[in-house]
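Notes for the structure review
Listed below are the residues making up each chain.
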Amino acid sequence: MNLYIVTGTTKGLGKALAEGIGASSENELIALSRAPEQPIPAGTQLEVDLASAQAVEEVFDRIEQRIRGKRFAKAVLINNAGVVSPVGPIERADAAELERNLFVNLVAPMLIMRRFLRATEGIALLRRIINISSGAGRKPIAGWAAYCAAKAGLDMASRAVALDFEASHKPVEIVSLAPGVIDTPMQGVVRSATAADFPDIERFKQMKADGTLRPAAEVAADILRLEAAGKLKGEPVADLRQLLS
Ligand SMILES: NC(=O)c1ccc[n+]([C@@H]2O[C@H](COP(=O)([O-])OP(=O)(O)OC[C@H]3O[C@@H](n4cnc5c(N)ncnc54)[C@H](OP(=O)(O)O)[C@@H]3O)[C@@H](O)[C@H]2O)c1
């Protein structure tokens, strides 16, 4: 059996990833989102607000109980949950929203990596961490200071964790993966900004109009196919579009 833990599965890319993982009887899926606890195909949905450190710790206490005594061929963490808001010049940003962005996009994934690595030590032959990053972490975008900074931080955290495991020779693979532009509710949030807050808005509206946003199910299938084939290892900072080309 393979263990998958995926965050942010209520919509967008995370929902599509959970559906893809849940379609195989070889997989056990633990989905982490703000939806109520319930059984899902191949596993369970656990409720957690990823803006709270305490909630992250508590949900991982429960995950540890669930997987205690089990053995897996591989354990895969996909830190997918993300939030783009606040959009606009930093001086106009709501302070709490700015803090929440950095927490959900950067602090929570780091806390989750920490607990995932502790919880799966010795119970899986191979462990993989896929942090869903963004091109915005590699190229600044006006109006997106928090999102760009958080994703850049996620890239650098992934590079540092990769070095930890390079030194230890443990079978742990980590990648911070920019998935390209995807037709999800997040893109709707992006297009709902004003030009004053987000100068690049026309380009994003045009991408939607031109049909260049990829369906979430296609992107999820690509990520899961490359993961299953062991093709996400190597460079800890990667771009899905380049891996597919
Ligand atoms: N869409 C793109 O073009 C694009 C491009 C590059 C990178 N990405 C990245 O891809 C990932 C998925 O994005 P998406 O486009 O699918 O976004 P989305 O449609 O907005 O979905 C985001 C997911 O994250 C969850 N989430 C947000 N805040 C949360 C919190 N406090 N606690 C628990 N869950 C929370 C949402 O849950 P709720 O329903 O509870 O809000 C939702 O399930 C993100 O990391 C994003 O940065 C997306």
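The rules behind these values
Residues numbered from 1 in each chain as written. Predicted model: local features only at pLDDT ≥ 70, side-chain atom pairs only at ≥ 80, totals over all residues. Heavy atoms only, no water. Helix = DSSP H or I, 4+ residues; strand = E, 2+ residues; numbered from the N terminus. Rg over C-alpha atoms; globule rule 2.2 N^0.38 Å. Buried < 20%, exposed > 50% of the residue type's maximum accessible area, 1.4 Å probe, protein only. Contact = heavy atoms within 4.5 Å. Salt bridge = Lys/Arg side-chain N within 4 Å of Asp/Glu carboxyl O. Pairing = 2+ DSSP bridges. Right-handed = clockwise from strand over helix to strand, strands pointing away.

1. Thoughts on the overall build of the protein
Along the protein, the regular secondary structure elements total 8 helices and 10 strands. Relative to the 2.2 N^0.38 estimate, which gives 18 Å for 245 residues, the radius of gyration of the protein is 17 Å and therefore close to what a compact globule would have. Viewed in the frame of its principal axes, the protein has a C-alpha envelope of about 55 × 40 × 40 Å. Buried residues in the protein amount to 51% of all 245 residues. In the protein, the proportion of contacts linking residues at least 24 apart, taken out of those at least 6 apart, comes to 67%.

2. Re the pattern of salt bridges
The full count for this structure, using the stated rule, is 21 salt bridges. Lysine 15 is the salt-bridge partner of glutamate 19, the closest N and O atoms lying 3.6 Å from each other. In this pair, glutamate 19 and lysine 15 both sit in helix α1 (residues 12-22), 4 residues apart, roughly one turn of the helix. Take lysine 15: its relative accessible area is 39%, and that puts it in the partly exposed class. The partner of arginine 100 in a salt bridge is aspartate 49, with the nearest N and O atoms 3.8 Å apart. Note that arginine 100 is positioned in helix α3 (residues 95-120) and aspartate 49 in the loop between β4 (43-47) and α2 (53-67), a separation of 51 residues in sequence. Given the relative accessible area of 35%, arginine 100 is considered partly exposed. Residues joined in a network through salt bridges with shared partners are Glu57, Asp61, Glu64, Arg114 and Arg115.

3. A closer look at the pairing of strand β7 (residues 172-178)
Remember that side chains alternate between the two faces of the sheet whenever the strand is regular. Most of β7 is tucked away, with 7 of its 7 residues classed as buried. Alternating positions in β7 separate into two faces, Val172, Ile174, Ser176 and Ala178 on one and Glu173, Val175 and Leu177 on the other, with burial throughout. In the sheet, strand β6 (residues 124-132) pairs with β7 via 6 bridges, with the strands oriented parallel. Residue pairing for β7: arginine 127 is matched across the bridge by valine 172. Once you follow β6 into helix α4 (residues 145-168) and on to β7, the crossover reads as right-handed. Bridge count between β7 and strand β10 (residues 237-239): 3 bridges; the pairing is parallel. Among the inter-strand pairings, alanine 178 is bridged to a residue of β10, identified as aspartate 239.

4. Examining the pairing of strand β2 (residues 27-33)
Burial analysis of β2 places 7 of its 7 residues in the buried class, the great majority of the element. Burial along β2 is two-sided: Asn27, Leu29, Ala31 and Ser33 and Glu28, Ile30 and Leu32, pointing in opposite directions, are all buried. As paired strands, strand β1 (residues 2-7) and β2 are joined by 6 bridges and run parallel to one another. Along β2, the bridge assignment pairs asparagine 2 with asparagine 27. Handedness of the crossover is the feature at issue here: the chain leaves β1, passes through α1, returns alongside β2, and the resulting connection is right-handed. Where β2 meets β4, 5 bridges bridge the pair, whose relative direction is parallel. Bridge pairing in β4 links leucine 32 to leucine 46.

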